Amino acid sequence: MGDGNVIEWKSAYSVGISTIDAQHQELINLTNCLNQACINGTETGRVYFKKVMHELVQYVKFHFSAEEKIMERIGFPGLAEHKKEHEDFVKKVLEGVKNFESGKAIVPNTFVRYLLDWIVTHIAKTDQKYGIFIANNDLKILPEDI
Ligand SMILES: [Fe+2]
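The structure presented is a predicted model; accordingly, all values stated were derived computationally and were not measured.

Overview of the overall build of the protein
And step 1. Along its length, the protein carries four helices and zero strands.
And step 2. If you list the helices and strands of the protein from N to C, you get α-α-α-α.
And step 3. Compactness check: the protein gives a C-alpha radius of gyration of 16 Å against a globular reference of 15 Å for 146 residues, within 12% of the reference.
And step 4. Based on the C-alpha atoms only, the size of the protein along its principal axes is roughly 50 × 30 × 25 Å.
And step 5. Among the 146 residues that make up the protein, the fraction classed as buried is 23%.
And step 6. Within the protein, counting contacts between residues at least 6 apart in sequence, those at least 24 apart form 73% of the total.

Now the structure itself:
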């Protein structure tokens, strides 16, 4: 897409918890912003890229810990595996940030493409697993539980 918004949240991505769905939308939104910063290959684009990258790192950590808290609370059997996916992703992202900041020849486009692919696949497949567990066990997650 010309405006750089390459991914959109869909109702099929819902995990049945409105707070988490909203967080997923924000994650997608931030990654789309990063993508726009990539397309804009100027110094302003670079400064903006750095700023959004930091926001994304903070938001990813906040969001992952919210999800992990829910999975712990409901006794989700796939918690360890899910946590590992989160950890690996954070590691990869921090590595990318470090490379970018140290002026290494990272290709922001490739990096953002990786982020987009990971986030969409994770939301569409991995996060669905606890959504299904919640639905199958008739569990209720209240906003104050998050
Ligand atoms: Fe997750």
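Here the narrative resumes, following the displayed structure.
Section: the nonpolar core
And step 1. In terms of nonpolar packing, the biggest core is built from 15 residues, with L30, L34, A37, F49, V52 and L56 touching the most fellow members.
And step 2. Listed by contribution, the elements that provide at least two residues to this core are α1 (18–39), α2 (43–73) and α4 (108–136).
And step 3. Broken down by element, the residue count for this core peaks at seven residues, all from α1.
And step 4. Setting aside its immediate chain neighbours within four residues, L56 contacts L30, T31 and L34.
And step 5. Judged by nonpolar contacts, the second largest core, of seven residues, contains I20, I70, M71 and Y130.

Let's talk about unusual backbone geometry
And step 1. A positive phi is found at D138, a non-glycine position, where the angle reads about 55°.
And step 2. Tracing the backbone shows D138 in the segment after α4.

Some remarks on the environment of H54
And step 1. Considering the arrangement of structural elements, one finds H54 in helix α2.
And step 2. Residues H54 and G96, spaced 42 residues apart in sequence, show a C-alpha to C-alpha distance of 11 Å.

Focus: the environment of G103
And step 1. Locating G103 in the fold gives a position in the loop between α3 (79–101) and α4.
And step 2. Taking the C-alpha atoms as reference points, G103 and D138, 35 residues apart in sequence, are found 50 Å from one another.

Overview of the environment of V120
And step 1. With respect to the helices and strands, the residue V120 is situated in helix α4.
And step 2. When the 20 C-beta atoms within 10 Å are taken as the criterion, V120 is described as buried.
And step 3. Along the primary structure V120 and I28 are separated by 92 residues, whereas in three dimensions their C-alpha atoms are 8.1 Å apart.

Quick look at the packing of α1 against α2
And step 1. α2 packs onto α1 with a crossing angle of 160° between their chain directions and a minimal axis gap of 9 Å. Relative to α2, the element α1 lies roughly antiparallel. The hand of the α1/α2 crossing is left-handed. Contacts between α1 and α2 involve I20, Q23, E26, L27, L30, T31, C33, L34, A37 and C38 from the former and G45, Y48, F49, V52, M53, E55, L56, Y59, V60, H63, A66 and E67 from the latter.

Reading guide: rules and limits
- Residues numbered from 1 in each chain as written.
- Predicted model: local features only at pLDDT ≥ 70, side-chain atom pairs only at ≥ 80, totals over all residues.
- Helix = DSSP H or I, 4+ residues; strand = E, 2+ residues; numbered from the N terminus.
- Rg over C-alpha atoms; globule rule 2.2 N^0.38 Å.
- Buried ≥ 20, exposed ≤ 12 C-beta atoms within 10 Å, placed from the backbone.
- Contact = placed C-beta atoms within 7 Å.
- Core = buried A, V, L, I, M, F, W, Y, C linked by C-beta atoms within 7 Å.
- Axes fitted to C-alpha atoms, helices over the stretch in contact; angles between N-to-C directions.
- Parallel < 35°, antiparallel > 145°, perpendicular 65-115°, else oblique.
- Left-handed = near helix turned anticlockwise from the far one by under 90°.

Shape descriptors only; they carry no functional weight alone.
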